Amino acid sequence: MPMRIRTSALTAFTVAALAAGTALTAPAAGAAPQAAGSKTAAPAFLSASQLPPHPTSSWTAGPVTDGFPEQLGFCVSTEGVPAYSYRHREFRTDLDTNAVQLTVVTDTAAHAEALAKHYDDLIRTCADRIEKGSPDVEAEGRDYGKLPVEEGARVRGLHTETSWGATDIALLSVGRDGRTVTVVQWGQMGDFDDAPVAAFKKTTTTAVNKLY
């Protein structure tokens, strides 16, 4: 998994969700896609130096790429969401730490507000869905609160542990500026004690401020 939750755990969860016909329906599911030919400037992304500092390795940023990042698929999905403009950027260190940022440009601020709530709801309930989809994984989510940036952001944490002892921690946030939503995820092996919550809150604030 993107935050180094073992691939077998991700596969088991994904297959179970599909087999059950799980649909992640957004509140804005009836919204029209972004109008073609929009002249709105593309949202800006985080740089490598704006990620939570790693104690022994520097971050490397990949290119900004069109589409929805596979790394977010264990908690966040495009299922039931209109065909908005998705772009993402991946980040890595030389060790077992990685991150990704997604931006979604919707057609109205109201639809962006609904989409941000939908994504936050998916992250909030992710631990329960992982446990239901994969009996070999124990998952726990934590709410680290809201951030006063633009139209708001919220930070949450997710810890998983497999029956064979693999343990992983992720921090995820959802923020909004106008009609654009951003999702940021950081992950590595470890537990809640290893999560750089204060630094990730700073990263999230920067991500939302940088959108425009």
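Residues numbered from 1 in each chain as written. Predicted model: local features only at pLDDT ≥ 70, side-chain atom pairs only at ≥ 80, totals over all residues. Heavy atoms only, no water.

A. Seen up close, the packing of aromatic side chains. If you walk through the whole model with that rule in mind, you get one aromatic pair. Note on Phe68 and Tyr86: the rings are 5.7 Å apart at their centroids and 80 degrees apart in plane angle, and the pair reads as edge-to-face. Remark: Tyr86 occurs in strand β3 (residues 85–92) and Phe68 occurs in the loop between β2 (65–66) and β3; sequence separation between them is 18 residues. Judged by relative accessible area, which is 12%, Tyr86 ranks as buried. Looking at Arg142, its charged tip hangs above the ring of Phe192, at a distance of 3.8 Å from the centre. (Phe/Tyr/Trp six-rings, centres within 6.5 Å; stacked < 30°, edge-to-face > 60°. Helix = DSSP H or I, 4+ residues; strand = E, 2+ residues; numbered from the N terminus. Buried < 20%, exposed > 50% of the residue type's maximum accessible area, 1.4 Å probe, protein only. Lys NZ or Arg CZ within 6 Å of the ring centre and 35° of its normal.)

B. Layout of the state of the cysteines. Summed over the entire model, instances satisfying the criterion amount to one disulfide. Covalently, Cys75 is tied to Cys126 through a disulfide, its sulfur atoms 1.9 Å apart. On the S-S bond that ties Cys75 to Cys126, the torsion sits near -95 degrees, and the link is left-handed. A residue pair is termed long-range when its members are at least 10 positions apart, and Cys75 in the loop between β2 and β3 and Cys126 in helix α3 (residues 126–133) qualify at 51 residues. Take Cys75 and Cys126: they sit in the same class, and that class is buried. (Disulfide = S-S within 2.5 Å.)

C. A look at α3. Among the residues making up α3, those that are buried are Cys126, Ala127, Arg129, Ile130 and Gly133. Down the axis of α3, the buried side of the element spans an arc of 165 degrees, and every buried residue falls inside it. (Arc of directions from axis to C-beta.)

D. Seen up close, helix α4 (residues 197–210). Along its 14 residues, α4 runs 20 Å from first to last C-alpha, staying within 8% of the 20 Å computed at 1.5 Å per residue. Along α4, the positions that sit buried rather than exposed are Val197, Phe200, Thr203, Thr204, Ala207 and Val208. Axial view of α4: buried residues confined to an arc of 130 degrees, hence all on one face. Looking at α4, the residues exposed on the side facing more than 90 degrees away from the buried face are Ala198 and Lys202. Summarising the contacts, the buried residues of α4 are in contact with β4 (97–105), β5 (137–147), β6 (153–162), β7 (167–177) and β8 (180–189). (Expected span 1.5 Å × (residues − 1). Contact = heavy atoms within 4.5 Å.)

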